[in-house]
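# What the coordinates show
Spelled out, the chains give:
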Amino acid sequence: MRSIGGHRVVLTARTLKEALDIIPRFKERGVQVVLVDGNLSSGDLSGLNGKMIVEAIRSQVPEVKTIGTSASGYVAGVDKNYDPWNDSPEDLVKLVTDL
């Protein structure tokens, strides 16, 4: 199991389908905060993947906080956004800790 800044990474997904399929496991794994990529489909930069994931999280486990990350620096519907081009890794750790 990986750890980042004292926080454990307990689940990962590489595709939209994988991301949607693991949401029901959040409670059993103790997930409190999710880092949501806005674009999981190859060639798609619309951010719709992230929006769909966040909507599914909100409907299934509304207590879980979300942080969006995307090439555009914005994912719709998340609690906070992390811009990988302008924010540092330490900024991401702080966002996770603060949520």
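Our subject in this report is the structure included herewith. Because the structure is predicted, anything quoted here is derived from the model rather than measured.

Attention shifts here to the side chain of Ser70. With respect to the helices and strands, Ser70 occurs in the loop between β4 (65-69) and β5 (80-82). If sequence neighbours within four positions are ignored, Ser70 has contacts with Gly38, Asn39, Val75, Tyr82, Pro84 and Trp85.

Moving on, we get to the sheet that holds β4. Ordered in space as β3-β4-β5, the three strands form an open sheet in which the pairing is parallel. Only two strands of the sheet have a single neighbouring strand rather than two, namely β3 (33-37) and β5. Between one strand axis and the next, the sheet turns through 30° on average, direction left out of account. Pairing geometry for β4 and β5, over three bridges, is parallel.

If you look at the biggest cluster of nonpolar residues, it comprises 19 residues, and the most contacted ones within it are Phe26, Val31, Val34, Val36, Ile53, Ile57 and Val64. Secondary structure elements with two or more residues in this core: α1 (16-22), β3 and α3 (48-60). Residue contributions to this core peak at four residues, all from α3. With residues near it in sequence (within four places) discarded, Val31 still touches Val10, Leu11, Phe26 and Val64. Core analysis: the second largest hydrophobic core is formed by five residues, Ile67, Tyr82, Leu92 and Leu95 among them.

As a further point, take the layout of surface pockets. The calculated volume of the largest pocket comes to roughly 1,100 Å³. Along the wall of the largest pocket there are 33 residues; nearest its centre are Val9, Leu11, Val33, Val34 and Leu35. Those elements giving two or more residues to the lining of the largest pocket turn out to be β1 (2-4), β2 (7-9), α1, α2 (26-29), β3, α3 and α4 (89-98). Top element by residues in the lining of the largest pocket is β3. It accounts for five residues. Taken together, the residues of the lining of the largest pocket sort by class into 21 nonpolar, seven polar and five charged.

A word on the environment of Ser72. Looking at where Ser72 falls in the secondary structure, it is placed in the loop between β4 and β5. For Ser72, a relative accessible area of 55% gives the class exposed. Sequence spacing of Ser72 and Ser46 is 26 residues, and the spatial spacing of their C-alpha atoms is 9.0 Å.

We now examine the pairing of β4. With four of five residues buried, β4 lies mostly within the body of the structure. In this view, the connection linking β3 to its parallel neighbour β4 by way of α3 has right-handed handedness.

Moving on: the pattern of salt bridges. Side-chain pairing between opposite charges can occur once the charged atoms of the two side chains come close. Per the stated rule, a full pass over the model turns up four salt bridges. We note a salt bridge from Glu55 to Lys51, for which the minimum N-O separation is 3.9 Å. Taken together, the residues Glu55 and Lys51, both in helix α3 and four residues apart, mark about one turn of the helix. Classification of Glu55 by relative accessible area gives partly exposed; the value is 46%. By relative accessible area, which is 37% here, Lys51 ends up partly exposed. Note that Asp79 and Arg58 form a salt bridge whose closest N and O atoms lie 3.3 Å from each other. Of this pair, Asp79 sits in the loop between β4 and β5 while Arg58 is found in helix α3, placing the two residues 21 residues apart along the sequence. We classify Asp79 as partly exposed; its relative accessible area is 32%. Look at Arg58 and you get partly exposed, because its relative accessible area is 28%.

Parameters and conventions
- Residues numbered from 1 in each chain as written.
- Predicted model: local features only at pLDDT ≥ 70, side-chain atom pairs only at ≥ 80, totals over all residues.
- Heavy atoms only, no water.
- Helix = DSSP H or I, 4+ residues; strand = E, 2+ residues; numbered from the N terminus.
- Contact = heavy atoms within 4.5 Å.
- Pairing = 2+ DSSP bridges.
- Axes fitted to C-alpha atoms, helices over the stretch in contact; angles between N-to-C directions.
- Core = buried A, V, L, I, M, F, W, Y, C linked by side-chain atoms within 4.5 Å.
- Buried < 20%, exposed > 50% of the residue type's maximum accessible area, 1.4 Å probe, protein only.
- 1 Å grid on protein atoms, 1.4 Å probe; cavity = no way out; pocket = protein on both sides within 12 Å on 5 of 7 lines; lining within 4 Å.
- Points joined across faces, edges and corners; volume = space filled by probe spheres on them.
- Nonpolar A, V, L, I, M, F, W, Y, C, P; charged D, E, K, R; others polar.
- Right-handed = clockwise from strand over helix to strand, strands pointing away.
- Salt bridge = Lys/Arg side-chain N within 4 Å of Asp/Glu carboxyl O.

Keep in mind these numbers describe shape, not what the thing actually does.
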